[in-house]
Every structure is written in C-alpha cells, then in structure tokens.
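Residues per chain are reported as follows:
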Amino acid sequence: MRFSIQREALLRPLQQVVGVVERRQTLPVLANVLIRVEDGIARFTTSDLEVELSAQVAVETAAEGETTVSARKLFDIVKALPDGSRIDLKQDGERVRLASARSRYSLASLPASQFPVTEAGDVQERIEIDQGSFKKLLARSTFAMALQDVRYYLNGLLVELRNKGLRTVATDGHRLALAETAGVSESELRRQVIVPRKGVLELQRLLEVGDASLELAFSKNHLRARLSDSVVVSKLIDGRFPDYEAVIPIGADKIIQVDRESVRQALSRAAILSNEKYRGVKIEVQPGVLRVIAHNPEQEEAMEEVEAQTLVDKLSVGFNVNYLLDALSAVDSSEVRIRLRDGASSALIESPGDETTRHVVMPLRL
Amino acid sequence: MRKIVHIDMDAFYASVEQRDDPALRGRPVVVAWRGLRSVVCAASYEARQFGVRSAMPALRAERLCPDAVFVPPDFTRYRAVSKAVRTIMQRHTDLIEPLSLDEAYLDATHDHQGLGSGTAVARAIRASIREELALTASAGVAPNKFLAKIASDWRKPDGLFVIRPEQVLDFLEVLPAARLPGVGKVMAARLQELGIVTVGNVRALGQLALEAHFGRWGRRLHELSRGIDERAVESARPTQSISSEDTFAQDLPLAALDEPISTLAARTWAAAQVEPRIARTVVLKLKTAEFRILTRSLTPSQSPDSAAELTRIALSLRERVDLPARTLYRLAGVGLQGFSERDEWLGRQVALL
C-alpha cells in the first residue's frame, strides 16, 4: 500500500473517524484506523465494536493494499504538519512510513485482517432524507437522551419510521423530546430502532447543513447511515423503548404563550440563584404574566416576570430549570406554547400550530 | 499554641470482652468471627505476646496462639462503650474528632473545666475511663495532631506521654522517619536510599531537596520534620461514605454475586438511614481471588431512594466489570458516597416513565 495526498485532504477523513476510538480498547487493533486503498480511493475506518465510522478521499495511488496504524497518532502527526504539506504514506514490512518534506515517521502496524469490520446483515428498510432535515431532527431530540442509565434502552435515540415519515424520540425518564418530519418514505411500515448514544453523537457530528443526501439503511441489528463521503454503522440497542406516546399529556388544557427568547433569558438569569444540584425553579402563572422564582439553600431569591398570553390564574409548578432551557432551545419559533395542567403534572412545550416538535418536562414536587 | 490530646483505647474490643466476662481476664483473647477467611478485629495484650495482631487472618492467629479464646465481635456493645467514652471527653471540650470507635483527637486549648493544661485534661479523662468504665486508655499530649498521635503510642498500654512545645525538636531529632504520618513502607525505603533514617535527617536535608525529590509531599514532609502540623481538630467531620463489604466463604464468579450484593446493599441502606443527607453515588467494590481490587461507581440523575433501588444499581454495576467470565471474586462491597443536603425548598423530580 502506498499513496500520496495533500495534508488537508487527509486530515478531513481522519477527523471524521478518530472520535470513535476509545482511549482503552478491548482489542489492540481497535486503537488503529483501517486504511484501505483501492481504485484511487483511500478509505479510513475506525470502530469500538458498537459504532463503526468510515470516511474516504481520492488519493494518488502508487500501490493498492490495506493496513492499520494507530488512529490517534496518525491524526496527531498529520494535524501537526504544516499547512499545504504533501504527505506520502506507505507500507514497509510491519511498519508504515509517513514522509512529508523533511519529516519522516515510522509507525507500527497491525494486519488489516485483524480489524473487526462490522457485518451489518441484510437491509430490511431503506430511506433517503436530506442531511439538513435529519440534523434538525437530532438537534431537537438528542439532548434528552439518558447518560449511563441502568435502563439501558434510554441511553440512546429512538428512530421510528411511521406514516411515511420519520420520528426521533429521546427521554432520560424526567423529560422527553420528540421531533418528526413527513414524507421520507413510500412505505406505511412502522419500524422502531434504538441507536446508542455514541452512534447518534458521531452521526450528528458528521451531518452537514443543507440538502446533501443521507441514506439510512435498517437491518436487524444495525443502522447504517451513508453520507456523501462517510458511513456510520451503529449497533442497535436490543430493548423495548417505553411507550412514549402515553406520557405526552393530552389533558394539559392551561395554555400559556410567551416570547421564547424572553422566557429563555428570564430562566437563565433566575437559574443563577437556584439550588446547584436540583436546579429547581418555580413557575407561577396569572392572567398576562408568567413568573419565574428561584431560591437556594443560602436563602437568596430571584424573581423574573415575563409577559404572557394567557388567562390561566393561580397555577404554580416547580421544574428543573435546565430541562426547561434545553426544551426552549430546541424549538425554533419566536413564540412558544407551554401547556400545563396542575402543580403535579408535566409541561408540554411546542411551537404554536406546529406539532412536529414536542417536549415534555416532568415537574419537581413542590 | 494549641493543646491537642489524642486518646486511644487499649486493645479496645478485646478489653471490653474481658471486662464483661471475668473468665476471659488474663487470658489471650482474639475478637474475630469464626470462619476460614475472617480476620482479627482485635487482640488482647496477652494474645499480642504470641504475635497476634489486628487484621491478621484468624487462622494464622489460631496457629500462633492455640490457647487463645476466640470471641465474635459485638459492635453494638462496642459502640455503646465508645459513646460513654465520648461523654467523658465532652466534659472537657466540644472539639472532639473521633477517628474510629476507639480513638479520637481533642483540642483542649480552652477546656471546659479550666484545668488549663492538656496534660491535666488527659489525666482526668484517663482516670474517668478507668473508674467509670473499668477500661484503660493511652493518651498523647502535644501542640498538634500528628505529635499527639505519636505520643499516645509512646507509653502504650495504659500510659500518658507529653511532648511539650520546647521538646518537639529534640523528640523529632531521633524519631524514626517511618513514624511520620504518610510514610509507609515504600516511602521509608525511598528515604533510606537518600540516607534518611530519623526525622532529624529529614530536617537536615532541607525543604528544597525534599521538594525536589517528593514534590508537594516534600514540603509537607519538611513541615512535619519541624513539628509543624496546622490541621484543626474537626469535631463534626461530615460522613464521606457509608459502605459494607464481605469476604465470601469461598471464591465466587460474578454471576453468583446476586445474593451477597443484595444483602450488602440492604445493610448499607440501613446504615445510611442515620445520615440526614442523601447520597448521590453508588459504588460497587470487588476483590478478585488474586486480590485485585476493582470499583465501579454510578451517579444516577435521581439519587437512589430505597434499598431496592440501591440493590438494582449495585447489581447493574456488575455489567461494567470487564474481566474474563471465569474470574473468581473473594470479596464484594456496596457503598454510598457523595452526600449532599436535601433540598429544603424543592422536593424531588417526578419521573416520567
């Protein structure tokens, strides 16, 4: 294997794949990037056995072939070379030699045959969607994914095909975020998969704004996302996602409409005096006004008033302010509608007249 | 200048047993559970003559001293006696820092009864312990904590040793460096390589050389060598962690630990009920048959609020153990740590699912 390439052209695919390499591996070869040179294309693949990333770039090929070298070291070396450098990479026995101007590096390699390339299995469903739309779905939902929850099926994102549309749902058991988009598939088939957190975050990083195409292929145990010059293959979480539709409140009839930015800023300020661990704030509503109140154990107090379109009177509910801020940041209309029922029930946050994004936040008991 | 007293009960658990059972007096007594793998909790001075020491495997103690009487520990009783000792100390000061059931630091600089000297306070406490509890304690009196602790060991058992401020440097000059807090076997060996045997040698080396060899610890070593230790006696040191652990009768694979972990979780949960604050972090500790110790911890967004919840988390932490399935374990422990105040104003997060 031997090829040469411009530094910037090599840096981009390495940047795209290096993130999945764990600091400590179960298999030594997982510290490495698999490099496969074929038909004038170099493909770089990394894996942690759960998520596999690969990215490709055109190269000037001198010899086809494949090998693996430390992903982190190769990336660091290429990154540290001067802008515009020409880089020559070649296999030489058990070593991989990198040469650029007056720099010479000799890296240890492991045979490509040792690299556990994911066998994704037969594709059962395939859809196409533009990257920008999918990126938006993720931005509106992934923040609510659980982190290291013992309910392992919450440590990921539900991706659901339904009614020819695509829906993503995440919940950590205290709040839930749902985003959907219509018309991505011809099929009426309903299909749910749970993509683990790491796979979702790596995919989110690779997606670009705009209408470049993204192909999502669902197989029994994997989701494969094919972008313009990169591919993410993620194992799926084997588990049942909770019946999330049951927790989206229907009886929340107390409607408050506010300017999103005003209420977001009021919450951010009041949060300064909320308890550092519980982040509790109290929301009080009376006709025309939404009030945010925060206390902390030092008995300091914050009170913020925001003009609100509402007839609701004498309603008071406690929330974790971070959950409210996350939800408000994931809605992009200038006005936002908050639906409440009573002091012990959840809040539903959405854009007025738009049901494609819905956020549910459970209260803190007062 | 502060007056610090360190009180250390003599062979505490064993002495309590001998006090409460006349048949045990004058005989070698070893406090330990019966079992192949149990360790010695305490040994009476009669047993120590045979080389029996705390934390030694009970089987070894039995070999060293076949005539010893083995008594299972009764912590409820030891705790009650410990509390009585505390009450005696409280007659003299409120600044008491218990280190365990059988030792504590006292700051006697301003004693309640106006005895005016650390030595007088230590004498009074030792006399009360002897008269009211029929037990003996050793005491050390010094201008700071580390010297007071060394001093209480100086005339043990049933002794009192005082290091006056003007005697500090002379006392340290010939004291083996290994007696300094923080100097264990490894550190003592490193010091020896530098030709350092006594605290006087440490002091002679000087701060710069010590810092060059040991970094920040070198600075601390230098301070100790000059008899400086500013640590305050902290009367209400908040609990850092509550845990329980158990060595199994035989080594077990991970999959067989459901029952022991559940039992330990229940015990830890029960012990944590006296703590008014809530614990945020759950720790699972395991020791392999090869004595490798591993810990796995989790800080869930919602702190565990029942024994069942603690058990569920502790059991699930096993999934994060990545040793081969054939690995056998000799010990497990379940702990709670990361205590924080309950929120007074806002209660708990309501769950969605």
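Details of the structure are given in the entry above.
Residues numbered from 1 in each chain as written. Chains lettered and ligands numbered in written order. Predicted model: local features only at pLDDT ≥ 70, side-chain atom pairs only at ≥ 80, totals over all residues. Heavy atoms only, no water.

(A) Quick look at the nonpolar core. Counting residues in hydrophobic clusters, the biggest one holds 61 residues, and the most contacted among them are Phe3, Ile35, Phe44, Leu74, Phe134, Leu166 and Leu216 of chain A. Counting 33 residues, the second-largest nonpolar core is a separate cluster that includes Ile256, Ala271, Leu290 and Ala327 of chain A. (Core = buried A, V, L, I, M, F, W, Y, C linked by side-chain atoms within 4.5 Å. Buried < 20%, exposed > 50% of the residue type's maximum accessible area, 1.4 Å probe, protein only.)

(B) View of the interface of chain B and chain A. In this complex, chain B contributes 23 residues to the contact, which on the side of chain A involves 28 residues. Scanning the region where chain B abuts chain A turns up zero salt bridges. Applying the counting criterion to the chain B and chain A interface returns one residue pair in polar contact (both at pLDDT 80 or more). Every element with two or more residues in the side of chain B that touches chain A is listed here: strand 10 (278–288) and helix 13 (307–316) of chain B. With three residues, helix 13 of chain B is the single largest residue contributor to the side of chain B that touches chain A. Per-class residue counts for the side of chain B that touches chain A are nine nonpolar, six polar and eight charged. (Contact = heavy atoms within 4.5 Å. Salt bridge = Lys/Arg side-chain N within 4 Å of Asp/Glu carboxyl O. Polar contact = N/O pair within 3.5 Å; in protein donor to acceptor, adjacent residues only side chain to side chain. Helix = DSSP H or I, 4+ residues; strand = E, 2+ residues; numbered from the N terminus. Nonpolar A, V, L, I, M, F, W, Y, C, P; charged D, E, K, R; others polar.)

(C) Seen up close, the sheet that holds strand 4 (residues 69–71) of chain B. All names here are of chain B. One open sheet accounts for three strands, arranged 3-2-4; its pairing is mixed. Because the sheet does not close on itself, it has two edges, and the strands there are strand 3 (42–43) and strand 4. Across two bridges, strand 2 (residues 29–31) lies against strand 3 in antiparallel orientation. Across the sheet, Val30 pairs through a bridge with Ala43, a residue of strand 3. Lying on the sheet, helix 1 (residues 12–20) is in contact with strand 2, strand 3 and strand 4; it crosses strand 2 at an angle near 120°. (Pairing = 2+ DSSP bridges. Axes fitted to C-alpha atoms, helices over the stretch in contact; angles between N-to-C directions.)

(D) Expanded view of the pairing of strand 11 (residues 156–162) of chain A. Residue and element names in this part refer to chain A. The buried fraction of strand 11 is high, at seven of seven residues. Sheet analysis places strand 11 next to strand 14 (residues 191–196), joined by six bridges and oriented antiparallel. Residue Leu157 lies in a different strand from strand 14, and its bridge partner there is Val195. Pairing of strand 11 with strand 12 (residues 165–171), which is carried by five bridges, proceeds in the antiparallel orientation. Note on strand 12: the bridge partner recorded for Leu161 is Leu166. The antiparallel hairpin formed by strand 11 and strand 12 contains two residues in its connecting segment, where Asn163 sits at a positive phi of about 45°.

(E) Seen up close, the packing of helix 12 (residues 258–272) of chain B against helix 13 of chain B. Residues and elements named next belong to chain B. At a minimum axis distance of 9 Å, the contact between helix 12 and helix 13 shows a crossing angle of 135°. Judged by the angle between their axes, helix 12 and helix 13 are oblique. Helix 12 and helix 13 meet at a crossing whose hand is right-handed. Only Ala307, Leu310, Thr311, Ala314 and Leu315 of helix 13 make contact with helix 12, whose side of the interface consists of Asp258, Ile261, Ser262, Ala265, Thr268 and Trp269. (Parallel < 35°, antiparallel > 145°, perpendicular 65-115°, else oblique. Left-handed = near helix turned anticlockwise from the far one by under 90°.)

(F) Structural detail: the pattern of salt bridges. Scanning all chains against the criterion turns up 52 salt bridges over all chains. The closest approach of N and O atoms between Arg77 of chain B and Asp74 of chain B, which form a salt bridge, is 2.9 Å. Judged by relative accessible area, which is 26%, Arg77 of chain B ranks as partly exposed. Among the ionic contacts, a cluster of salt bridges with common partners joins Glu160, Arg162, Arg167, Glu180, Arg190, Glu245 and Arg358 of chain A.

(G) How the structure looks around helix 6 (residues 321–329) of chain A. Those residues of helix 6 of chain A lying buried are Val321, Tyr323, Leu324, Leu325, Ala327 and Leu328 of chain A. Here helix 6 of chain A starts with a cap whose side-chain oxygen sits 2.8 Å from the backbone nitrogen of Asn322 of chain A, and that cap is Asn320 of chain A.

(H) Molecular detail of empty space enclosed by the protein. A complete count under the given rule lists seven cavities of 30 Å³ or more for this structure. Reported here for the largest cavity is a volume of approximately 90 Å³. The wall of the largest cavity is formed by Val263, Leu267, Ile283, Leu290, Phe319, Leu324, Leu328, Ile338, Leu340, Ala347 and Ile349 of chain A. Elements with a contribution of two residues or more to the lining of the largest cavity: helix 5 (260–271), helix 6, strand 23 (335–340) and strand 24 (347–351) of chain A. Counted by class, the lining of the largest cavity contains 11 nonpolar, no polar and no charged residues. In this structure, the second largest cavity occupies an estimated 70 Å³ of space. Around the second largest cavity sit Ile7, Met9, Ser82, Val85, Arg86, Met89, Pro98, Ser100, Leu101, Asp102, Glu103 and Ala104 of chain B, which together line it. Looking at the lining of the second largest cavity, the elements with two or more residues in it are strand 1 (4–9), helix 4 (75–90), strand 5 (96–100) and strand 6 (103–107) of chain B. (1 Å grid on protein atoms, 1.4 Å probe; cavity = no way out; pocket = protein on both sides within 12 Å on 5 of 7 lines; lining within 4 Å. Points joined across faces, edges and corners; volume = space filled by probe spheres on them.)

(I) Broad picture of the sheet that holds strand 10 of chain B. All names here are of chain B. On the basis of which strands lie adjacent, the open sheet formed by four strands has the order 9-12-10-11 and antiparallel pairing. Both edges of this open sheet fall to strand 9 (241–253) and strand 11 (293–298), since each of them pairs with a single strand only. Strand after strand, the sheet turns through a mean of 20° between neighbouring axes, direction not considered. Pairing of strand 10 with strand 12 (residues 328–340), which is carried by 10 bridges, proceeds in the antiparallel orientation. Paired with Thr281 across the strands is Gln337, a residue of strand 12. Its contacts with the sheet put helix 12 on strand 9, strand 10 and strand 12, and the angle it makes with strand 9 is roughly 160°. Strands in contact with helix 13 are strand 10, strand 11 and strand 12; relative to strand 10, the strand with the most contacts, it is inclined by about 40°.

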